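Analysis of the macromolecular model
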Amino acid sequence: MEKTTSERNAETLTCDKPHSCEVCDSSFTRESHLKTHVRTHTGEKPYSCNECSSAFAASSDLKIHMRSHTGLKPYSCEVCASSFTTISCLKRHIRIHTGEKPFACHECGSSFATSSDRNVHMRSHTGVKPFSCKVCDSSFTTVSYLKRHIRTHTGEKPYRCDVCDSSFATTTQLKIHTRSHTGEKPYSCEVCNTSFPNTSNLKKHMLTHTGEKPFSCEICSSSFSQKSNLKIHMRIHNGSALSKTKQTPHEK
């Protein structure tokens, strides 16, 4: 009886990769590759780092890890002077120069240079926030966002300005602050060409053109273009309430 195409392909696959995993459907060309794979099921990590407590399932993973101690970066970019510990990191970097974004979101069509960036983006659709703060109830989509948040509790400001003694909790805050020294104002108004050092100042400015007043008083009908102006306005009501509480009985 003549064999089907799928049967012939299966036989070819078996011949090419004769070493099969008994736990899953994976198969390998070499027995050593199968042994390494099996450790993903057993959790065994026989290759230990002599510098730290890290351990790995494969000797190749240990070899790559050791570069974090030695500083060795054997894979260099031909466009710029950047170098990397692994060829996969180099390939990821090259997409900065080529603009290639091969990982697309199936929900909104957004594209990304790495699968990890796409996975993080997907959380904006699913609402998943797997990284939680142990101090408060806040949770975040990435561990970097969590670390940044934790500094609001610890008060840590690890990013210091080279010009003055100011320090900041995030690199973004430092970058914006640095513009106060350089005078750089990269964000321009499309209506009047006024420039600003950050997007928040530009957004505030745009309200002067649109006339929008998104900050409303809950006591009266007043509304304001800026939150700071609303706070100043609220003192009118708070002062009125305070004066009433101070009234004597015959003043009521």
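A brief structural summary.

All right, on to the side chain of H205 then. Tracing the chain through its elements places H205 in helix α8 (residues 199-210). Other than its neighbours up to four places away in sequence, H205 contacts C189, C192, T194 and F196.

A separate point is α8. The end-to-end C-alpha separation of α8 is 16 Å, in line with the 16 Å expected for 12 residues at 1.5 Å each. All of the buried residues in α8 are L202, H205 and L207. As for α8, its buried residues are in contact with β13 (187-188) and β14 (195-196).

Along the chain, H125 turns up in helix α5 (residues 115-126). In sequence terms H125 and E107 are 18 residues apart; their C-alpha atoms lie 7.6 Å from each other. For H125, the contacting residues outside a window of four places in its chain are C105, E107 and C108. For H125, the side chain forms a polar contact with the side chain of H121, separated by 3.2 Å.

Non-glycine residue N193 carries a positive phi angle of around 70°. Of note, N193 is situated in the loop between β13 and β14. With relative accessibility at 62%, the residue N193 sits in the exposed group.

What counts, and at which threshold
Residues numbered from 1 in each chain as written. Predicted model: local features only at pLDDT ≥ 70, side-chain atom pairs only at ≥ 80, totals over all residues. Heavy atoms only, no water. Helix = DSSP H or I, 4+ residues; strand = E, 2+ residues; numbered from the N terminus. Contact = heavy atoms within 4.5 Å. Expected span 1.5 Å × (residues − 1). Buried < 20%, exposed > 50% of the residue type's maximum accessible area, 1.4 Å probe, protein only. Polar contact = N/O pair within 3.5 Å; in protein donor to acceptor, adjacent residues only side chain to side chain.

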